[in-house]
Amino acid sequence: MQNTNLKFRLPWLKLFFLLGGLVLLFPLNRCARQAPTETDGSLSLRLIVADQSGLIPVKESLGYAPVAGAKAELKSRNYYESPSTPKTYHAVSDSDGVVLFSGLPLGEYTLTVQKTVPIVDPKGDEDSITVRGNKIVSLFEPAVTDTVKAKLASKSALVINEIYYAGPKNNAYYFYDQFVELYNSADTTVYLDGLILCRGRGYHNPKMDSLDYVQVIYVYQFPGVPKTGRDYPVAPHQFVVIAQDAIDHSQFIKTALDLSNADWEFYNPYYSEIDNPAPNVVNAIPDNSTDFMINLVHDFVILADGSDYYPGEVSEHGYQYYHVPIRTILDGVEYSANPNKLKELTNQVDAGFAGVGISKYSGKSTERRRPGFDTNNSSLDFIVLDHPTPGYSHE
Amino acid sequence: MNRRSLFGIALSLLLLSLTFGGDFEVTPGGQLTAWQWQSAQINLYEYARNSAWLQENDSTNWMIISTHSDNSWGDLRRFWDPYGEYRNALTFSGQKHISPTQTFYGAITYRYDYVSRMNQAIDIQPYALDPFVISDSTEGDFSFNGPTVHVVYGQQISSRLWWGMGLDYGIYRGLKKVYSMPEIIRRKIKLDVSLAYQLNSHFTFGLSVRPYDTRDNTKIVKQPDGTEPLILRYRGEQVFTAVVSKSDRFAIYNGTEWQSQVMVEFSRLRGMLVLGYYYRWTEVYDNERLRLHDGFYQGEHYYVNTLWRYALNEQKNSFVTLGYRFRYIGDWAEEPVKKWAIYRSFQRRHQMRLGLFKTLHSSPFAVYADGVFDYWLPDRRDYLAHLYREASISNLQITAGGLWHVNPYFTLQAGVRFDQYRESAVWHYFGDFKSWGGECKASYRYGAKLFQVYLRYGKEQSSVSDFTRNGVIFGVRLKQTL
């Protein structure tokens, strides 16, 4: 027995020290990865803010019209500081219209620049005009330089104040109690004559920020003559509810809304829709055979003065798109349950998302945090309501 | 011998629980006192978990059934921490020498834990070293449960050489009771392959390699009202991505620990020296098929552990213990798109220990005292949050107590403990606090049976606020020597 042990001892001893050596050497020759040499959170953005409204003269030495003193807001599309607050950076442009941001994380950002320019109107009175620019900026290099063009900001007293699109809590796929609420935020009367409400085309167009129109698939129009009509007034600080169907929906689904008192109803005469007593906002596209039904999780609605819209391209699926010039748009709101979805409405109209977190058939709605509160960024402007408030504010 | 074996098993279970927990954390609640170290054997198996030494650790066969309940509650806690933690375990374990050269040890533990008012985190270990924490925006209770299996096989293959294998396998499943009601499932497997070589009667060398793989699956479910919850995924402090989703989140942690050990034995002196390297790679992602990553993390640990005990007399019933541990951690995390660093840290942790166990001459009494000083110097760089901090954290623990052998069957033990925890204000973990507590234990031996019951109580009081935290640990063990 002793001899056997001796026979084994030497090879085992060698093996032992061989393995021991490997263990000791392992940290020097391990499979660990090299630490990254670049650090996130250290990117910089140099932004040139150039005016295209004509209000600011071109500076010949620069070759563009610099918007000095413009407030720039860079809002991350990836990171948040609180569940409803994207991580946001602020800066002001210098005399050459240059804004510098530093210490930024990798990712995509929504950029908004804005400046109020003092003017003197033809009567000699002092007034002001706001120029504004929006852009999506992708930062994936340590230092990025970009340009944003500031244009005259469209300003309307009439805004889309609330959109209820998710449908009530139910298991029957019932969502016909959708509505859109408008609000007159001015101290003067405005008019609905000829205005159009439109629904988005339903997917992301990578070139949309460079277009001067918005692609839509529904156009529903108030009666009256656009811009000049005075037959359908909205009093100061009055709400206007336009229902998909102005009836008491709770007779079908207990959790659905009673919209029998809605001010208006979307009505499509080109299919067999029942015309309820409320006055109609009528489908203006004969080829469209559906009611004003909007997507239950992600879509956009725009309100335009109705003075101009025209047929655009036809999709590969045979849809006829219509183009609504941005200059005619009074307000637009894009909503999405998921804030990381690609935008479908250009930042020129809406730089954010309303309705984040609202899933279909949740009975929830999205409304401006205060009636008429409008920065053209629905992520800021809108909040989520557990219960819709047609014709009144949650406040 | 039996008594020492029991402490050995207790220590093994403690180590098992630590390894199951993964990287060490700052956890002042429920700290065990020093008596395990005083009483445990200093050898390859009990100090370094070298499975090859199982054969030599304990020559007896036995079975144990034990319960352990570790409870703490209070507002002295970190941001993610729960208000209350109520952790319970039932363990069946046994050891059998199946031949003169082979030994088998097995343990099955069933854990049932209840965590109350967990603040936002839906993560088993939000304070693990990696910066990725998944959370919602609510405070809620969790219940966790699941079995853990630990088996060890050791064999002597020549007069001076042993080898062994160990396996830890555990499933731990938790469910949050309120919105967003996620279910967390953790599966862990860890292997141990070890060798031990006895050079002579004074020196024995050991080698261990321990690959491991841990997988967490956090299932986000659609809510009862039909909504998809808003889930926040942190990439460091204060900065997170927000996702409205019901898709699952996965995290894989795997790596290997390499360890070499030296055991020294002289008539009055026993000691252990352990050198180790621990590697961890972590991937955090959505969608098991597409693997949409939140990020990656790598951790490397280098450590030295040593513990020495010198007997003060020939009877070896009084001794002095001296120990030191050092761990250096270098780790980093990167974002998934460009693989740029979002976090990096370099941490040094020292622990010094000095203990005395003294049997009073010609009396059934013994006294013990133990001091442990932890000094941790983290250098953490959170690139996304722009937080760069390097400041120390320390903890001093002093334990003192006595042992009374009432008669050959019955033993009582009681002690007190005091802790002084200090952290630099930049960390915002607990703030400075003091802790004090007491413990008592009774053992009754009847033939081949040993019955033990123990109770510990502790209270932590913040030095910078009115917050406190209370802790109670109790347990029962019944051992049958076969």
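Since the structure is predicted, the reported quantities are computational estimates derived from the model, not experimental observations.

Scoring rules and cut-offs
Per chain, residues are indexed from 1 in the order of the written sequence. Note on labels: chains are lettered from A, ligands numbered from 1, in written order. Per-residue local features are limited, in this predicted model, to residues with pLDDT of at least 70; the limit for side-chain atom pairs, both in listing and counting, is 80 or more; totals at the level of whole chains, interfaces and linings are taken over all residues. Helix and strand assignments follow DSSP, with helices taken as H or I runs no shorter than four residues and strands as E runs no shorter than two, numbered in order from the N terminus. Labels follow a simple rule on C-beta atoms placed from the backbone: if 20 or more others lie within 10 Å of a residue's own, it is buried; if 12 or fewer, it is exposed; otherwise it is partly exposed. Remark: residues whose backbone-derived C-beta atoms lie within 7 Å of one another are considered to be in contact. Throughout, the edges of the domains are those of an automatic or database domain assignment. Looking at any residue, its pLDDT shows the predictor's confidence there, from 0 to 100. In these notes, a nonpolar core means any group of buried Ala, Val, Leu, Ile, Met, Phe, Trp, Tyr and Cys residues linked to one another through C-beta atoms within 7 Å. Any two strands are treated as partners once DSSP identifies two or more bridges connecting them.

**Regarding the overall build of chain A**
Looking only at helices and strands, chain A features two helices and 22 strands. Considering chain A as a whole, with its 395 residues, one finds that 43% of them fall into the buried category. Sequence-distant contacts, at least 24 apart, represent 64% of the contacts inside chain A between residues at least 6 apart.

**Remarks on the overall build of chain B**
Of the regular secondary structure elements, chain B holds four helices and 21 strands. Here chain B, with 482 residues, has 43% of them falling under the buried criterion. Intrachain contacts of chain B at a sequence separation of at least 6 include 65% that bridge at least 24 residues.

**Considering the domain arrangement of chain A**
All names here are of chain A. For chain A, the assigned domains read domain 1 (43-152) and domain 2 (158-385). Computed from C-alpha coordinates alone, the two centres of domain 1 and domain 2 are separated by 29 Å. Contact residues are listed per partner, giving six residues for domain 1 and seven residues for domain 2. Put simply, the parts of the chain that give the side of domain 1 that touches domain 2 at least two residues each are β5 (107-120) and β6 (126-139). Top element by residues in the side of domain 1 that touches domain 2 is β6. It accounts for three residues.

**Observations concerning the environment of Ser462(B)**
Residue and element names in this part refer to chain B. In this fold, Ser462 is placed in strand β20 (residues 449-462). Residue classification places Ser462 among the partly exposed residues on the basis of 18 C-beta atoms within 10 Å. Taking the C-alpha atoms as reference points, Ser462 and Gly74, 388 residues apart in sequence, are found 11 Å from one another. Setting aside residues no more than four positions away along its own chain, Ser462 makes contact with Leu76, Gly431, Phe433, Phe467 and Thr468.

**What to know about the confidence of the model for chain A**
Counting all residues, the mean pLDDT for chain A is 85, and 89% of those residues have values of 70 or more. Here residues 1-9 of chain A scores under 50 on pLDDT; set against residues more than four positions off or in separate chains, the count is five contacts.

**Some remarks on the nonpolar core**
With 63 residues, the main nonpolar core has Ile242(A), Ile302(A) and Val324(A) as its most contacted residues. With near-sequence residues (within four places) excluded, Val324(A) lies in contact with Cys198(A), Tyr213(A), Val214(A), Val216(A), Ile302(A), Ala304(A), Tyr309(A) and Ile329(A). Grouped together as the second largest cluster of nonpolar side chains are 58 residues, Leu43(A), Ala150(A), Tyr253(B) and Ala385(B) included.

**Thoughts on the pairing of strand β12 (residues 292-311) of chain B**
Residues and elements named next belong to chain B. Note: strand β11 (residues 269-286) against β12, 18 bridges, orientation antiparallel. Looking at β12, one finds that Tyr285 is bridged to His293. From the end of β11 to the start of β12, which pair antiparallel, there are five residues, and Asn287 there has a positive phi angle of about 60°.

**Things to note about the pairing of strand β8 (residues 158-164) of chain A**
Residues and elements named next belong to chain A. A large share of β8 lies buried, amounting to seven of its seven residues. Across six bridges, β8 lies against strand β9 (residues 179-184) in antiparallel orientation. Residue pairing in the sheet places Ile163 in a bridge with Val180 of β9. Alignment of β8 against strand β21 (residues 365-368), held across two bridges, turns out to be antiparallel. What sits directly across from Glu162, in β21, is Glu367.

**Details of the confidence of the model for chain B**
Averaged over chain B, the pLDDT score is 87; the fraction of residues at 70 or greater is 90%. With pLDDT under 50 throughout, residues 1-39 of chain B is counted as low confidence; its partners more than four residues away or in other chains account for 77 contacts.

**Thoughts on unusual backbone geometry**
For residues besides glycine, phi is generally negative; the peptide bonds are generally trans as well. Phi is positive for Tyr173(A), which is not a glycine, with a value near 60°. Mapping Tyr173(A) onto the fold places it in the loop between β8 and β9. Tyr173(A) sits in the exposed class, given 10 other C-beta atoms within 10 Å. Here Arg117(B), not a glycine, exhibits a phi torsion of approximately 55°, which is positive. Residue position: Arg117(B) is located in strand β3 (residues 102-121).

**Topic: the environment of Val262(B)**
Residues and elements named next belong to chain B. In this structure, Val262 sits in strand β10 (residues 249-265). Look at Val262 and you get partly exposed, because 17 C-beta atoms sit within 10 Å. Sequence separation of Val262 and Ala48 is 214 residues, and the distance between their C-alpha atoms is 9.7 Å. Among all residues touching Val262, those that are not within four sequence positions of it are Phe203, Phe205 and Leu273.

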